[in-house]
Amino acid sequence: MYAVIKIKGEIEMNTDSILGKFFTGINYWESKSAINMWKNFDIDTIENDFKLLKDAGITHLRIFPLWSEFQPLCALYGPSNVYEYSFGEDSLPDTPAGRAGVSEAVCEKFHRFCALAEKYDMKLMVALITGHMSFRTYNPPAFDGKAILSDPTVIKWQIRFVKYFVNRFKNEPAIIGWDLGNEPVNLPGRTSNPDTFYVWCSIISDAVKSCDLQHPVISGLNHSSIEKTESNYKTISEMCDIHTMHPYNVFETKSDPLTTMKPILDLPFRCQMGEDIGNIPTFVQEFGSIGYMNCSKSSEADFYRASLYATLAHGCHGTMWWCAFDQGHLEYAPYRWNTIGSDYGFFDKNMNAKPLVAENLQFKRNLSLIPGEVLPKHSTNGTIIVSRDDGTLDYETLRATYMLAKQANLDMNFNYSLDKIQPAPLYIFPSVSGNKSITKERLDEVLDYVKDGSVLYISADAGLLRQIPEITGLNIEYREELNAEKTFELEGERLTIKTSYFYKPEQSEAQIIARDENGDGVFFKNKYGKGFVYFLTLPLEKYLAHKQGAFYKRDIPPYHMVYRHIAKSAGISRVTDSDNPYIRLTEHTIDKDSLYVLAINYNNKFECADLAINGNYDVSVVFGAEYNTHRICLEKNDAVLLKLTKKVG
């Protein structure tokens, strides 16, 4: 789908080396010196590292030409201002490298590095402005104390560095793309003004493309907002060809054990939302366990295994672990004071392989059994409408919506509420909390699809929506602020949801699907043209997002019954379904007579499931566990790929 990218509608860029096959890569610092590798350059150590990584099944490296080493500018001051930029006490040479403030000696090291990468068939993504690394800043000494993303002098020298560096190395066969840098929003002088980053991002991206139109510009950023913070989907999709996600459990999903559904599904959730809203391909460029207070080496490998299958299933293009080698034994800053930057490599400090390596190799063997080493795009069944990013956007709620849909046998797309609404059989507008959540124009677009037969589900939180009586068929007598739980019954299941507001129904033309413990309606269904509007007056998704254990504890009621109910009304019928909320499926159409089904156990325990198959199919196992008369059993965090082929006659 993304093998070719068009730049500004004119020049085509081939990105097969990044987006063709599903890849497993790693973020690379040399095993002995780590961040100091360019200062203590040791080609023999690097070659040994490459041998180990190649034997571990790694094909892609993200590498970091440390800014302070490659452009080691100093500022020599006269009485009141900078008189000269220099290399220490020496004037800049009158050469292309010198005029760009770039060290020829370090560039020669980089040439040798690239040649070695080619020898071992390693594909390199190069993070250009690597001024932030492991929570330490590495800017050239001349720029100490300056706002790195906005100071005009700093930006001038960044442009010179990027142009020189890209021109010099763009024809290296190992290089497949240019990062803006390593999470550059973490550089000194960061600001909440998104226009600051817009300008910086535009300048660096344009500097790359002025020299090289064959390799894509990759964001090199962690997850972002949609349009409000300094880095956001809208900026990135304008300036970059490929976006990245850097999801870490210790920051994003720390409430749940690493090897359970929320941390694992966080990876494809962020990739899919970034790709759907940004409209550029998005992959997981950094993820990891971040040390052994968060997991053991064994459970770290379990997490890695499930994450590989989850990202493969949901079209995330590839993953890159952080990082290649343990660093916690190093004694210089930032390692001596950053305890997060420690032992999370594929290999320990003695170069011994961790269980991660065996998992990577097994995954690569399984992947080789799929033609092209990538699954066809997974089928989706509806759209999650993402509220306007006005400061009230809650990613926890969106993730819970995504996971709840998975448990209901739904795979969803994302549509930002300010973008043109795309057609879908089902729309989920979850736990509306802001008063500017969607414009009238976009709401009308959704309602037009409903008139034509689609289903819209809205759940209420604190936000106010226009036309509620007309849309939902419900008149609300009053809204009361409270902090209480409400319980209702749906299809024999009792579901309890904590809410901050109670909406007292006055009268309803809509069908009351469920009432609370006091007999007040809380879940409604209204005929709207050829379709239906469902309205839940309780913030189901927000509640589950912040309820500890909602997606891994055994005693949690089946809240996904709400989504199964609305999916049935929307006429959504998939080929397969699982009766186990932890074993979830994606479907991948091969042709009109066959499809793949990838079943993943998103739990850290052995699980079994009965599969319902809608139609007359022969079932074979491509890789993974045995399939026995519609039943599969999976070890913790494991997967099985099935191929279903329609029977003849």
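Computed from a prediction, not measured in an experiment: that's the story for all the values here.

Topic: the pairing of strand 27 (residues 594-601)
Moving residue by residue along a regular strand, the side chains alternate between the two faces of the sheet. With respect to burial, strand 27 is a largely interior element, eight of its eight residues being buried. Here strand 27 shows no split at all, with S594, Y596, L598 and I600 on one side and L595, V597, A599 and N601 on the other all buried. As defined by bridge partners, strand 26 (residues 583-591) adjoins strand 27 across eight bridges and the pair is classed as antiparallel. Within the sheet, the bridge partner assigned to D591 lies in strand 27 and is S594. The loop that links strand 26 with its antiparallel partner strand 27 comprises two residues. In terms of strand pairing, strand 27 meets strand 32 (residues 639-646) through seven bridges, oriented antiparallel. Counted as the bridge partner of Y596 is K643 from strand 32.

Re the packing of helix 6 (residues 152-169) against helix 7 (residues 194-209)
Between two packed helices, the angle of one axis relative to the other and the distance separating the axes together describe the packing. The interhelical angle for the contact between helix 6 and helix 7, taken along N-to-C directions, is 25°, at an axis separation of 8 Å. Judged by the angle between their axes, helix 6 and helix 7 are roughly parallel. Here helix 6 runs over helix 7; the crossing is right-handed. Contacts between helix 6 and helix 7 involve I155, Q158, I159, V162, K163 and V166 from the first element and W200, I203, I204, A207 and V208 from the second. Along the lines of polarity and charge, the residues of the contact of helix 6 with helix 7 split into nine nonpolar, one polar and one charged.

Description of the state of the cysteines
Evaluated as defined, the whole model comprises one disulfide. Across a sulfur-sulfur distance of 2.0 Å, C608 and C633 are joined as a disulfide pair. Between C608 and C633, the S-S dihedral sits near 110°, and the bridge is therefore right-handed. Here C633 lies in strand 31 (residues 631-634) and C608 lies in strand 28 (residues 607-613), a separation of 25 residues in the sequence. The cysteine C240 is free of any disulfide, with C201 supplying the nearest cysteine sulfur at 4.3 Å. Judged by its relative accessible area of 4%, C240 is buried. For the unlinked cysteine C271, the closest cysteine sulfur is that of C316, found at 3.6 Å. The exposure class assigned to C271 is buried, which follows from its relative accessible area of 2%.

Considerations on helix 5 (residues 104-119)
Spanning 16 residues, helix 5 covers 23 Å between terminal C-alpha atoms, matching the ideal 22 Å at 1.5 Å per step. Where helix 5 is concerned, the buried positions are V106, C107, F110, F113, C114, L116 and A117. One or two positions beyond helix 5, positive phi appears at D121, with a value near 55°.

Overview of the pattern of salt bridges
Side chains that differ in charge, positive against negative, can pair when their charged atoms come close. Overall, the coordinates contain 36 salt bridges when judged by the stated rule. Residue K440 is joined to D444 by a salt bridge in which the shortest nitrogen-to-oxygen separation is 2.8 Å. Of this pair, K440 and D444 both sit in helix 14 (residues 440-451), four residues apart, which is roughly one turn of that helix. With relative accessibility at 40%, the residue K440 sits in the partly exposed group. K542 is the partner of D461 in a salt bridge, and the nearest nitrogen-oxygen pair spans 3.0 Å. Placement of the pair is D461 in the loop between strand 19 (455-460) and helix 15 (468-472) and K542 in helix 16 (residues 540-545), with a sequence separation of 81 residues. Under the relative-accessibility criterion, K542 is labelled partly exposed at 31%.

So, the packing of aromatic side chains
Taken as a whole, this structure holds 44 aromatic pairs when the rule is applied. Ring geometry for F70 versus F165: centroids 5.7 Å apart, planes at 80°, classification edge-to-face. Pair noted here: F70 is in helix 3 (residues 67-70) and F165 is in helix 6, with a separation of 95 residues, a long-range link. Accessibility classification places F70 together with F165 in one group, the buried group. Plain terms: the ring middles of Y478 and F502 are 6.5 Å apart, the flat faces sit at 70° to each other, and that makes the pair edge-to-face. Taken together, the residues Y478 in strand 20 (residues 474-490) and F502 in strand 21 (residues 493-508) connect sequence positions 24 residues apart. In this structure Y478 comes out as partly exposed when scored by relative accessible area, which is 36%. Here the guanidinium or amino end of K486 rests over the ring plane of F502, the centre of that ring lying 4.6 Å away. The ring of F532 has K525 lying over it, and the distance from NZ or CZ to the ring centre is 4.3 Å.

Overview of the sheet that holds strand 23 (residues 521-528)
Strand order across the open sheet formed by seven strands is 17-16-18-19-24-23-22, with mixed pairing between neighbours. Looking at the sheet topology across the chains shown, the edges are occupied by strand 17 (412-416) and strand 22 (511-515). Across this sheet, the average inter-strand angle for adjacent strands is 20°, counted without regard to direction. The sheet contact formed by strand 18 (residues 426-432) and strand 19 spans five bridges and is parallel. Residue V432 lies in a different strand from strand 19, and its bridge partner there is A460.

Thresholds, definitions, all that
- Residues numbered from 1 in each chain as written.
- Predicted model: local features only at pLDDT ≥ 70, side-chain atom pairs only at ≥ 80, totals over all residues.
- Heavy atoms only, no water.
- Buried < 20%, exposed > 50% of the residue type's maximum accessible area, 1.4 Å probe, protein only.
- Helix = DSSP H or I, 4+ residues; strand = E, 2+ residues; numbered from the N terminus.
- Pairing = 2+ DSSP bridges.
- Axes fitted to C-alpha atoms, helices over the stretch in contact; angles between N-to-C directions.
- Parallel < 35°, antiparallel > 145°, perpendicular 65-115°, else oblique.
- Left-handed = near helix turned anticlockwise from the far one by under 90°.
- Contact = heavy atoms within 4.5 Å.
- Nonpolar A, V, L, I, M, F, W, Y, C, P; charged D, E, K, R; others polar.
- Disulfide = S-S within 2.5 Å.
- Expected span 1.5 Å × (residues − 1).
- Salt bridge = Lys/Arg side-chain N within 4 Å of Asp/Glu carboxyl O.
- Phe/Tyr/Trp six-rings, centres within 6.5 Å; stacked < 30°, edge-to-face > 60°.
- Lys NZ or Arg CZ within 6 Å of the ring centre and 35° of its normal.

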